[in-house]
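# Commentary on secondary and tertiary structure
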Amino acid sequence: MQLGMIGLGRMGANIVRRIIRDGHTAVGYERHQQNIDDLSADCGGSFSGTTDLSKFVAALETPRVVWVMIPAGATGAVVDQLGELLEPGDIVIDGGNSRYHEDIARAKTLAPKGIHYLDIGTSGGVWGLERGYCLMIGGEAAQVAHIEPLLKSIAPGVDAAPRTPGRTGEPSAAEQGYLHCGPAGAGHFVKMVHNGIEYGAMAAYAEGMNILHKANVGNQQDDEHSAEVTPLEHPEFYRYDIDIPEVTEVWRRGSVVASWLLDLTAEALYADPNLDSFGGRVSDSGEGRWTLDAAIDEGVPAPVLSAALFQRFSSRGESLYADKALSAMRQAFGGHHELPKK
Ligand SMILES: O=C(O)[C@H](O)[C@@H](O)[C@H](O)[C@H](O)COP(=O)(O)O
């Protein structure tokens, strides 16, 4: 089957490489000729690319299947352009991390033109070429069925995890690593919640590791330290120098908290045991915020996910003013000494 790919950055290019490995063909559109040349060198005659969107559309077999894999903020403009260039029966896929609200609007705009729209939340990041991508799909069932040969090639496949006890026979789509979650927006809705969970799970590991990191605090009490915090009643309880890279390594084997996220953490700590290459400022690109918006709209508590999101804001210095205000109040009502700015 043929796929049209818009955006040949790391994700788009690796999806193309993965389908071509499986016998499909691809046409790519990309503004940077170098990305086209790199992919052509890897894929030979199964891939052709252009920097001209009209030529890209003309090169595709009908019904066209056009996967848009560009930063979420730029997707809307490209989908609008495709709306002018494509024909009835064609399919546009947004594989980026768009907000699901936008999918609902785009599907509605394209429908009168007979152009179908699928939103595919795509998880796997830079590892997807090797491990496959987990695909969460929203849109009409007939179009999902049409692109199924491509989905099977992009997804990790049933062997990526042991089969769940009780599941037998032909593996379901979910067991192969892709799932039609519902109508327009449902794919990105599920991917959004996946990312909300990602924030929470990452924060849980990070907090636990920090408690391990401080397990030797009983050795470190000095005058300045005790002026700032309540002195330890039992410093003898905190005299452990825990080798955190080794702890993450042992947890990978048989522990309840083993996971791919932990595998990656262990790898990062092995390469950089004190995490010196990181400044401790953690970015976010919207998915965590949108997950909390949905939780609020649904009236569903999400205390862990919200704490994880707010911790990212704090990591970027966004709690500094609040922290200063706390010091000011504590000093004002109790005359307590608060440490001045360093
Ligand atoms: O499932 C995935 O492969 C990741 O979630 C991927 O989609 C990306 O790394 C996140 O969007 C980062 O999200 P933040 O920038 O919000 O941390």
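Structure report, in brief.

Conventions we followed
Here the residue numbers are simple positions, counted from 1 along each chain's written sequence. Confidence filtering applies because this is a predicted model: local features only for residues at pLDDT of at least 70, side-chain atom pairs given and counted only at 80 or more, and all residues used for totals across whole chains, interfaces and linings. Side-chain measures here rest on the full set of heavy atoms in the structure, leaving out hydrogens and waters. Counting from the N terminus, the helices are the DSSP runs of H or I reaching at least four residues and the strands are the DSSP runs of E reaching at least two. The rule is simple: take the accessible area with a 1.4 Å probe, protein chains only, and divide by the maximum for that residue type; under 20% is buried, over 50% is exposed, in between is partly exposed. We call two residues in contact when some of their heavy atoms are within 4.5 Å. In this description, accessible areas are obtained by the Shrake-Rupley approach with a 1.4 Å probe, and a residue is regarded as covered only by the protein chains that are shown. When charges are counted, Lys and Arg are positive and Asp and Glu negative, with His and the chain ends excluded. Every charge is mapped onto a representative atom, which is NZ of Lys, CZ of Arg, CG of Asp or CD of Glu. Pairing of aromatic rings covers Phe, Tyr and Trp, the last counted by its six-membered ring, and requires centre-to-centre distances within 6.5 Å; plane angles under 30 degrees mean stacked, over 60 mean edge-to-face, and any other angle means tilted. Only lysine NZ and arginine CZ atoms are considered, and such an atom sits over a ring when it is within 6 Å of the ring centre and within 35 degrees of the ring normal. Being near a molecule or strand, for a residue, means having at least one of its heavy atoms within 4 Å of it. For the purposes of these results, a polar contact is taken to be a pair of N or O atoms within 3.5 Å, where, inside protein, one atom must be able to donate a hydrogen and its partner to accept one; residues adjacent in sequence count only when each atom of the pair is a side-chain atom. Residues are sorted three ways: Asp, Glu, Lys and Arg are charged, Ala, Val, Leu, Ile, Met, Phe, Trp, Tyr, Cys and Pro are nonpolar, and all the rest, Gly among them, are polar. In this scheme, patches are assembled from residues that exceed 30% relative accessible area and form no salt bridge. Like charges are connected within 9 Å, while nonpolar side chains (Val, Leu, Ile, Met, Phe, Trp, Tyr) are connected within 5 Å. Every case where a carboxyl oxygen of Asp or Glu lies within 4 Å of a side-chain nitrogen of Lys or Arg is listed as a salt bridge. To form a nonpolar core, buried Ala, Val, Leu, Ile, Met, Phe, Trp, Tyr and Cys residues must be joined to one another through side-chain atoms within 4.5 Å.

So, about the overall build of the protein chain. Helix and strand counts for the protein chain stand at 16 helices and eight strands. The buried share of the protein chain, reckoned over its 342 residues, is 39%. By sequence separation, contacts in the protein chain at least 24 residues apart represent 64% of the contacts at least 6 residues apart. Just so you have it, the protein chain exposes about 19,100 Å², and 56% of that area is on carbon and sulfur atoms. For the protein chain, the centre of its 28 positive side-chain charges and the centre of its 45 negative side-chain charges are spaced 2 Å apart.

On to the packing of aromatic side chains, then. Scanning all chains against the criterion turns up four aromatic pairs. Consider the rings of Tyr29 and Phe56, whose centres lie 6.2 Å apart with planes at 50°: the pair is tilted. Taken together, the positions of Tyr29 in strand E2 (residues 25-29) and Phe56 in helix H3 (residues 53-58) put the pair 27 residues apart, joining distant regions of the chain. Of the two residues, Tyr29 and Phe56, neither departs from the other in class, the shared state being buried. When the ring centre of Trp260 is taken as origin, the NZ or CZ atom of Arg131, which lies over that ring, is 3.8 Å away. The aromatic ring of Tyr199 is capped on one face by Arg312, whose charged end is 3.6 Å from the ring centroid.

With that settled, the discussion passes to the site of the ligand. As a structural note, the neighbourhood of the ligand is formed by Asn97, Ser123, Gly124, Gly125, Lys191, His194, Asn195, Glu198, Tyr199, Asp284, Ser285 and Arg312. A distance of 3.0 Å is found between an oxygen atom of the ligand and a side-chain nitrogen or oxygen belonging to Asn195. In the environment of the ligand, an oxygen atom lies 2.5 Å from a nitrogen or oxygen atom belonging to the side chain of Tyr199. For the ligand, whose accessible area on its own is 420 Å², the fraction buried by protein is 73%. The greatest single-element share of the shell around the ligand, amounting to five residues, is contributed by helix H10 (residues 186-213). Grouping the amino acids of the shell around the ligand by side-chain chemistry returns one nonpolar, seven polar and four charged.

There is a patch of nonpolar side chains on the surface, built from Leu326, Met329 and Phe333 and spanning about 380 Å² of accessible area. With respect to the secondary-structure elements, Met329 resides in helix H16 (residues 320-334). Take Met329: its relative accessible area is 47%, and that puts it in the partly exposed class.

For the rest of this paragraph, the subject is the nonpolar core. Among the nonpolar cores identified, the biggest contains 30 residues, and Phe47, Trp67, Ile120, Leu135 and Ile147 are the most heavily contacted of them. Contributing elements (two or more residues each) for this core: strand E1 (2-6), helix H1 (10-21), helix H2 (33-43), strand E4 (65-68), strand E5 (91-94), strand E6 (116-123), strand E7 (134-138) and helix H8 (148-154). No other element matches the five residues that H1 contributes to this core. For Phe47, the residues in contact, after removing those within four places along its chain, are Leu8, Val16, Ile20, Ala26, Val27, Gly28, Ile36, Leu39 and Ser40.

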